[in-house]
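# An overview of the molecular structure
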Amino acid sequence: MDHLKIRRTLGVTAVVASLAASSLAFGAATALANDTAPATPASVDTGKKGTVVMIGGAISPSDDSGNTEAIMTEIVRLAQEHAGPGKKPLIAVSTAASTPAANAIEAADEDEDNASINGMAYYKQWFADYGADVYPIPVDVNPGLDYDGDPYSADNARDQAVANEIAKADGVFFGGGDQTNYVRAFMDCTGPSAEAEAIHAYTSCTDTVAMTAIRSVVDSGGVTGGTSAGLAIQQGKDMISGGSLYQSWSEGPRPGWFTGDDPVIGDPLTYVPSGGFGFFDEGTMDSHFARRDRQPRVIRLALDRGHELAFGVEEKTALIVDRATRQGRVIGALGATMLDVSNASSDGQNVTGVRYSYFQDGSTIDFATREITLPGEIKTGPGTETIPAGWSQEDIWGSADCNDGIFGTTNVIETLLPSTESTLSGTTCDAGDGKPRFVTTFNRTANTQWTTEGSFTGLEMTIANQASFELSAASNLDKVIAGKETALKFTITNTGGTGFINIAANGAAAASARAVAPVLLPGESVTVTAPISAKLGAQEFVPSVSATPSTLDGVPLGIDATIASSEVFTVTGVPANPVAPVEPGTKPDPNAGTGGVATGGSGTIAKNGALANTGSHATAGMAFGVAGLALVVAGAAATLFGRRARVQR
């Protein structure tokens, strides 16, 4: 696969085995990405007009790859269609997401990055190079004037003269920056309290006259485009406003906006409940997507806020959507992602059943049916490549505290697809301070389709806490008679963040108490009795425990884990010789007919017939060689994430 198109290298721990694809159901790549989605005819006109162009970021005039040129050319072409033959298209450009200029010198310095210079020089010249006239919308996020003669102000969004100029446009383009600034600049918003409004946790917004004019351009059949923050602002309710990956997944979303450097709050997953401008309403949306491994934060937001679909667009790539027909297409360097959580099972910390599709340049998507068509040769089933032994993908979310890499999630996928394996995982870095590690697992399904260029549909995705047991063994026997069946007792404590179901030891099911509460929750313990048959003399027993990691609600996460003690329990079987009667007052021989004792591999002798506790901790997803215990994954491994996402642009 082309490493440029989404770098490859994936993470599998030394305990990862295979997961049967037949146990998973998923949507097809060039068929339905969601088999349960209603089949709405693509030809039905929604009554909406206009085209939405959403760019994942990193486009610039200096990009000589041809991808930026293709995107800019398409925006101008769509504007030209609206303008009509013989007319030069006019594009209104907003840079309100950028920081306002502090003074007139900065506002005129082309080396600066602010709303004024971006609008008056950068984008104006850039679009002119592609044959369009430009109206720089003189709106930034600050009301009033930042300096004498400042032409950019939030007050201008309420100026009818400015609105009239916008209404003449054939297209509107939104630059990068902070998408919450667009909401603040172009809309009048309120929240449930003054505190909520102070952090932009708006629940209700109305348009300024400038915003009404922007809508008129799109509604009349024009084009709206935007890059990075300019992509984010085009979505509807619950617009994402920031969040690092680890904190996003572990804590979930909160309404509002934060700087990301608060020593107490940190960098949580945040969103604006009232949303963006709503030009794209097919699902929640994020930019700079796989490069910054933003899948966990957009999945978590979609799950918690009730959105069935979440989308992401890569840098130097555009997802172009015809609002009338609900048809989308991809152009540019990389691709777009659709994450379908409509049939996912989640307990807030663990999720399984996320349907993952990634479609590149030349692909199309029908949002009504969720059908994705991939260009090129379509492959199904496993590939032919062998994943090297010991290969792994750690720090899958590129945490700033660890490797801070990029493309960790897609590295896993692009290693899995052409391989002979059915499942592959990656782990987050060690977060420290007792925080859990997370595992992201991808499973090939019967419906998985993929191309050598890197597109795919029909993968199933699981994100979960790392699963782990603590195992101890004990017996209340004071005799082990040869030829008799006896039992060893095991206590299993869930020390991880998943649930466990189907618990058994040496083939014996867990105690009946689990029938009442079938899920072993984190921190809980259960006792399992495993039968053994003692022989004459010393013999060794290796206790093994199997369990299926699950959500806290008991939904399997696709991992069958077996724990086997690396220390051997030795049991000595003795003959059942009768003890001769003794005369009254005579003490019995202490060595006669006492049975045997069970000892652990450490040489500890159990007192009162109790089996020595020689078990140690075993962690699902950890490599072999953990002192005392080794974990063997019989199905698919669960491996999760932890990376610090960059500030949303």
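Up top you'll find the structure we're talking about.
Described in the following lines is the structure provided in the data block.

Cut-offs used in this document
- Within every chain, residues take consecutive numbers counted from 1 along the sequence as written.
- A pLDDT threshold of at least 70 governs which residues receive local features in this predicted model, and a stricter bar of 80 or more applies before side-chain atom pairs are shown or counted, although totals over entire chains, interfaces and linings include all residues.
- Only heavy atoms go into the side-chain values, all of them from the structure, while hydrogens and water stay out.
- Counting from the N terminus, the helices are the DSSP runs of H or I reaching at least four residues and the strands are the DSSP runs of E reaching at least two.
- Note on contacts: a residue pair is in contact if any heavy atoms of the two residues lie within 4.5 Å.
- Per-residue and other accessible areas follow the Shrake-Rupley method at a 1.4 Å probe size, with only the shown protein chains counted as cover for residues.
- Pairing of aromatic side chains here covers Phe, Tyr and the six-membered ring of Trp, requires ring centres within 6.5 Å, and sorts the geometry by plane angle: under 30 degrees stacked, over 60 edge-to-face, intermediate tilted.
- Note on classification: 1.4 Å probe, protein chains only; a residue is buried when its accessible area is under 20% of the maximum for its type, exposed when over 50%, partly exposed between these limits.
- Counted as over-ring charges are cases with an Arg CZ or a Lys NZ within 6 Å of the ring centre that also lie within 35 degrees of the ring normal.
- What makes two strands pair is DSSP finding at least two bridges between them.
- Here an axis means a line fitted to C-alpha atoms, over the contact stretch when the element is a helix, while the angle between two N-to-C directions is reported on a 0 to 180 degree scale.
- The criterion for a disulfide is a pair of cysteine sulfur atoms lying within 2.5 Å.
- The patches described consist of residues with a relative accessible area above 30% and no salt bridge, like charges being joined within 9 Å and nonpolar side chains (Val, Leu, Ile, Met, Phe, Trp, Tyr) within 5 Å.
- In what follows, salt bridge is the name for a side-chain nitrogen of Lys or Arg lying within 4 Å of a carboxyl oxygen of Asp or Glu.
- The positive count covers Lys and Arg only, the negative count covers Asp and Glu only, and His and the chain ends enter neither.
- Here the site of a charge means NZ on Lys, CZ on Arg, CG on Asp, or CD on Glu.
- In what follows, roughly perpendicular refers to angles from 65 to 115 degrees, roughly parallel to angles under 35, roughly antiparallel to angles over 145, and oblique to any angle outside these ranges.
- Note on residue categories: nonpolar means Ala, Val, Leu, Ile, Met, Phe, Trp, Tyr, Cys or Pro, charged means Asp, Glu, Lys or Arg, and polar means any other residue, Gly included.

Let us now look at the overall build of the chain. Of regular secondary structure, the chain possesses 12 helices and 35 strands. Sequence separation of at least 24 residues holds for 74% of the intrachain contacts in the chain that already meet a minimum separation of 6. Of the roughly 24,900 Å² of accessible surface on the chain, 51% is carried by carbon and sulfur atoms.

Attention shifts here to the packing of aromatic side chains. Evaluated as defined, the whole model comprises 19 aromatic pairs. Ring geometry for Tyr-356 against Phe-456: centres 5.3 Å apart, planes inclined by 50°, an arrangement best described as tilted. Here Tyr-356, found in strand E17 (residues 351-360), pairs with Phe-456, found in strand E23 (residues 456-465); they are 100 residues apart in sequence, far enough to count as distant. The burial state of Tyr-356 is the same as that of Phe-456; both residues are buried. Taken together, the ring pairs in this structure connect Tyr-122, Tyr-123, Trp-126, Phe-127 and Phe-173 into an aromatic cluster. Just above the ring of Trp-249 sits the side chain of Arg-300; from NZ or CZ to the centre is 5.8 Å. Seen from the ring of Trp-450, Lys-379 lies directly overhead, with NZ or CZ sitting 5.9 Å from the centre.

To continue, consider the pairing of strand E1 (residues 51-55). Most of E1 is tucked away, with five of its five residues classed as buried. Of the two faces of E1, the one carrying Thr-51, Val-53 and Ile-55 and the one carrying Val-52 and Met-54 are both buried. Sheet topology places E1 next to strand E7 (residues 223-227); five bridges connect them, and they run parallel. Counted as the bridge partner of Ile-55 is Thr-227 from E7. Strand direction decides the pairing type here: E1 and strand E13 (residues 317-322), joined by five bridges, are antiparallel. For Val-53, the partnering residue across the bridge sits in E13 and is Ile-320.

Read across the sheet, three strands follow the order E8-E10-E9 without closing on themselves; strand pairing throughout is mixed. Of all the strands in the sheet, the pair left with one neighbour each is strand E8 (239-242) and strand E9 (253-255). Put simply, the sheet's adjacent strands are angled 40° from each other on average, direction ignored. Relative to strand E10 (residues 269-272), E9 runs parallel, the two being bridged by three bridges. Looking at the pairing, Pro-255 lines up with Tyr-271 of E10.

Taken as a whole, this structure holds one disulfide when the rule is applied. Here Cys-189 pairs with Cys-205 through a disulfide, and the sulfurs are 2.1 Å apart. Here Cys-189 and Cys-205 share a disulfide; its torsion about the S-S bond, 115°, makes the bridge right-handed. Placement of Cys-189 in strand E5 (residues 187-190) and of Cys-205 in strand E6 (residues 204-207) is noted, with a sequence separation of 16 residues between them. For Cys-189, a relative accessible area of 18% corresponds to the buried category. Judged by relative accessible area, Cys-205 falls into the partly exposed class, the value being 22%.

A word on a negative patch on the surface. A cluster of acidic residues, Glu-110, Asp-111, Glu-112 and Asp-113, forms a negative patch on the protein surface. When you line up the elements, Glu-110 lands in the loop between helix H2 (104-108) and helix H3 (115-129). Classification of Glu-110 by relative accessible area gives exposed; the value is 63%.

For the structure shown, the criterion picks out 20 salt bridges. Between Asp-63 and Lys-316 there is a salt bridge, with the nearest N and O atoms lying 3.7 Å from each other. Placement of Asp-63 in the loop between E1 and helix H1 (67-83) and of Lys-316 in the loop between strand E12 (309-313) and E13 is noted, with a sequence separation of 253 residues between them. Lys-316 gets classed as partly exposed once you look at its relative accessible area, which sits at 29%. We note a salt bridge from Asp-304 to Arg-300, for which the minimum N-O separation is 3.1 Å. Of this pair, Asp-304 and Arg-300 both sit in helix H10 (residues 295-305), four residues apart, which is roughly one turn of the helix. Residue classification places Asp-304 among the partly exposed positions, given a relative accessible area of 38%. Through salt bridges with shared partners, a single network forms among Glu-74, Arg-77, Glu-81 and Arg-329.

So, on to the sheet that holds E1. Pairing within the open sheet is mixed, and its nine strands lie in the order E3-E2-E4-E7-E1-E13-E14-E18-E19. On the outer flanks of this sheet lie strand E3 (133-136) and strand E19 (371-373), each paired with one strand and no other. Neighbour-to-neighbour, the strand axes of the sheet open up by a mean angle of 20°, direction not taken into account. Bridging between strand E18 (residues 364-366) and E19 involves three bridges; their strand directions are antiparallel. From the neighbouring strand, Asp-366 faces E19, where its bridge partner is Glu-371.

Now for the packing of helix H4 (residues 160-167) against helix H7 (residues 209-219). Direction vectors running N to C along H4 and H7 enclose 10°, while the axes themselves pass 8 Å from each other. Classified by the angle their axes make, H4 and H7 are roughly parallel. Together, Gln-160, Ala-163, Ile-166 and Ala-167 of H4 and Val-209, Ala-210, Ala-213, Ile-214, Ser-216 and Val-217 of H7 make up the contact between the two elements. Considering only residue class, the contact of H4 with H7 consists of eight nonpolar, two polar and no charged.

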